[in-house]
Amino acid sequence: MGVCEQLVQFEHRYGWRHSPQQHADMMRGDREHRRFFLEGRMERKGRCFIATLVYGEGAEVAVLRSFRDRVLRATLIGRAFIFGYYRMAPGVCRLLQGHLHLLRITRALLRPVVWMAARVLASRGRAGR
């Protein structure tokens, strides 16, 4: 009898038990799955935290999302930037909320970024798609 057959017979006779490390790993995995599920629900909204706070659901946000999806995700550096943005942006949004003057400054700082993203998308023939 091979190892697999012995394991099946053992589990049939005594049941299948997890080691403490396996149990801890499964709990960690469950937490990660829940986090991934919640992030997936946020993905449907696009997760452009700062731009959405500053502009609302406007054309500027659509341009930035398109730039993220079509340009940044295509490169390793772009994906690293997106990852860093997702980690930093919620804290920035908490800082900006309720401070109208900071929102105005952020909007002014984002204008050239939106303009540049739109130009890059247009040059690639991807604007509005």
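What counts as what
- Residues numbered from 1 in each chain as written.
- Predicted model: local features only at pLDDT ≥ 70, side-chain atom pairs only at ≥ 80, totals over all residues.
- Heavy atoms only, no water.
- Helix = DSSP H or I, 4+ residues; strand = E, 2+ residues; numbered from the N terminus.
- Buried < 20%, exposed > 50% of the residue type's maximum accessible area, 1.4 Å probe, protein only.
- Contact = heavy atoms within 4.5 Å.
- Areas by Shrake-Rupley, 256 points an atom, 1.4 Å probe, with all protein chains shown as cover.
- pLDDT = per-residue confidence, 0-100.
- Salt bridge = Lys/Arg side-chain N within 4 Å of Asp/Glu carboxyl O.
- Expected span 1.5 Å × (residues − 1).
- Bend = angle between axes of the 7 residues up to and from the residue.

Caption draft 1: Molecular detail of the overall build of the chain. Regarding its fold elements, the chain presents six helices and zero strands. Along the chain, from the amino end to the carboxyl end, the secondary structure elements read α-α-α-α-α-α. In the chain, buried positions account for 22% of the 129 residues. Pairs at least 24 residues apart make up 63% of the contacts formed inside the chain by residues separated by at least 6 positions. Carbon together with sulfur atoms contributes 63% to the accessible area of the chain, which is approximately 9900 Å² in total.

Caption draft 2: Representation of the confidence of the model for the chain in the model. Here the chain averages 79 in pLDDT, while 76% of its residues score no lower than 70. The least confident element of the chain is helix H2 (residues 20–45), whose mean pLDDT is 65; the most confident is helix H6 (residues 100–123), at 92.

Caption draft 3: The arrangement of the pattern of salt bridges in detail. The full count for this structure, using the stated rule, is three salt bridges. Notably, a salt bridge pairs Arg65 with Glu57, separated by 3.2 Å at the nearest N-O pair. According to the relative accessible area criterion, Arg65 is buried, its value standing at 17%. Under the relative-accessibility criterion, Glu57 is labelled exposed at 60%. Here Asp69 and Arg68 are joined by a salt bridge, their closest N and O atoms 2.8 Å apart. Looking at Asp69, the relative accessible area reads 34%, which means it is partly exposed. Here Arg68 falls in the buried class, since its relative accessible area comes to 8%. Members of the salt-bridge network, linked through shared partners, are Arg68, Asp69 and Arg73.

Caption draft 4: Main features of H6. Between its terminal C-alpha atoms H6 stretches 34 Å, which fits the 34 Å expected from 24 residues at 1.5 Å a residue. Along H6, the helix axis deviates most sharply at Leu110, where the bend reaches about 30°; the proline Pro112 sits within four residues downstream. The complete set of buried residues in H6 reads Leu103, Thr106, Leu110, Val114, Ala117 and Leu121.

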